[in-house]
Amino acid sequence: MTKTTTTKSISEADMDEEQSAAQEGTWRQLAVGWENHPRKVKKLVRKGIPPGMRGQLWQVFANTTHYRNQNVGVYEQLIVQKEVPLEEYIDRDVPRLAPKVPPFHEPDGEGQQSMSRILKAFSLFQPEIGYTAALGCMTAMLMQHMGEEDCFWMLSSLMDKYRMEGLLKPGLPYLKQYFYQFEQLVKHFFPKLYNHLKVENVNADMYASQWFMTVYSYNFPFAVVSRVWDIFLAEGVKIVFRIALALLKLKHDEILALSFERILILFKNIPIELDGEQLIETALKLKVSSKMLEDLEAEYRSLDRGGHLL
């Protein structure tokens, strides 16, 4: 019996290795000219990118090579700068925000030093954004998938290609827009819940700021965040809204039974109670189209220009 079990175990292990190798081979092929196979890429990405390929594929989706090639040698110059105006704030936050896994968990260890270099360099590279804790959260997550300079150029792409600059720079213009779009989507999909939240004076800015500003990297489980970022980097911002809506859908009846303070406590505790697969599955079933978001953006801008927004 023992021999049979051992033989089967070895056979299964070999099969798993072959399947893993075949899967990575498929991804490597798609990494070259992935935009020419949108349906195939979407289908695969939504199932989850293999962890060993994640860092490479994220950089391909984000086109970090473009930003690196436009700024050859810049990162090396930035990390040796003596004067960093926001150094004090970054040094204060790095130990708090660094991943609680090796090699990042050791105070003043190489992991935290690397994270500090990235954030200080970025604060100099894009002074209009400087530094925010949201940048620290995203950096902590990205560093678990790629190297130091790769992470820096990912941040650059996020600000530009994914328009995250508007979520982080002074005035937070896109964040206010996202709140408007999100609340209108809640009204569309869950009108009863929307009305209840309004009656209880619970607005999106009270619970969804970190969701949008960090793309859920603030305090959601690492495995869930990685899956969300797979889709975000390949498909764009729709998944950020879909996940937010899915969180409300999964807690719909519970929220309806609660008042103001308990609703906010529920939102605060959501990451602890997550079923990642259920969340992703629920989010992808919600039909949020690019046109819906574009129309809501145009509506927001029209109201904003007319002074009709608080």
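Relevant structure appears above.
Thresholds, definitions, all that
- Residues numbered from 1 in each chain as written.
- Predicted model: local features only at pLDDT ≥ 70, side-chain atom pairs only at ≥ 80, totals over all residues.
- Heavy atoms only, no water.
- Axes fitted to C-alpha atoms, helices over the stretch in contact; angles between N-to-C directions.
- Helix = DSSP H or I, 4+ residues; strand = E, 2+ residues; numbered from the N terminus.
- Parallel < 35°, antiparallel > 145°, perpendicular 65-115°, else oblique.
- Left-handed = near helix turned anticlockwise from the far one by under 90°.
- Contact = heavy atoms within 4.5 Å.
- Nonpolar A, V, L, I, M, F, W, Y, C, P; charged D, E, K, R; others polar.
- Core = buried A, V, L, I, M, F, W, Y, C linked by side-chain atoms within 4.5 Å.
- Buried < 20%, exposed > 50% of the residue type's maximum accessible area, 1.4 Å probe, protein only.
- Arc of directions from axis to C-beta.
- Phe/Tyr/Trp six-rings, centres within 6.5 Å; stacked < 30°, edge-to-face > 60°.

**Some remarks on the packing of helix H14 (residues 222-235) against helix H18 (residues 276-285)**
Piece 1. Remark: H14 packs on H18, axes separated minimally by 10 Å, with the N-to-C direction vectors making an angle of 25°. In terms of their interaxial angle, H14 and H18 are classed as roughly parallel. With respect to the hand of their crossing, H14 and H18 are arranged in right-handed fashion. Judged by residue contacts, Val224, Arg227, Val228 and Ile231 of H14 engage Gly276, Glu277, Leu279, Ile280 and Leu284 from H18.
Piece 2. Its residues assigned to classes, the contact of H14 with H18 shows six nonpolar, one polar and two charged.

**So, the nonpolar core**
Piece 1. Counting residues in hydrophobic clusters, the biggest one holds 99 residues, and the most contacted among them are Leu158, Trp229 and Leu248.
Piece 2. In terms of residue count, helix H15 (residues 238-250) provides more of this core than any other element does, nine residues in total.
Piece 3. Apart from the residues lying within four places of it in its own chain, the contact partners of Trp229 are Trp58, Met138, Met141, Leu142, Leu158, Thr214, Val215 and Ser217.

**Structural notes on helix H12 (residues 191-199)**
Piece 1. The complete set of buried residues in H12 reads Leu193, Tyr194, His196 and Leu197. Seen along its axis, H12 keeps its buried residues to an arc of 165°; they face one direction. Along H12, exposed side chains directed more than 90 degrees from the buried face belong to Lys192 and Val199.
Piece 2. Where the residues of H12 are buried, they touch helix H11 (173-189), H15, helix H16 (252-256) and helix H17 (260-269).
Piece 3. Just downstream of H12, Asn201 is the residue with a positive phi angle, here 60°.

**Points about the packing of aromatic side chains**
Here the distance between the centres and the angle between the planes together describe a pair of aromatic rings.
Piece 1. Under the definition given, this model contains 22 aromatic pairs.
Piece 2. Measuring from centroid to centroid gives 5.7 Å for Tyr178 and Phe212, while their planes differ by 80°, and the two rings are edge-to-face. Taken together, the positions of Tyr178 in helix H11 and Phe212 in helix H13 (residues 209-214) put the pair 34 residues apart, joining distant regions of the chain.
Piece 3. Taking the centre distance of 5.3 Å and the plane angle of 80° together, the rings of Tyr216 and Phe220 count as edge-to-face. The residues Tyr216 and Phe220 share a single accessibility class, namely buried.
Piece 4. Chaining the aromatic ring pairs together yields one cluster made of Tyr178, Phe179, Phe182, Tyr207, Trp211, Phe212, Tyr216, Phe220, Phe241 and Phe267.

Just distances and angles here, no functional claims.
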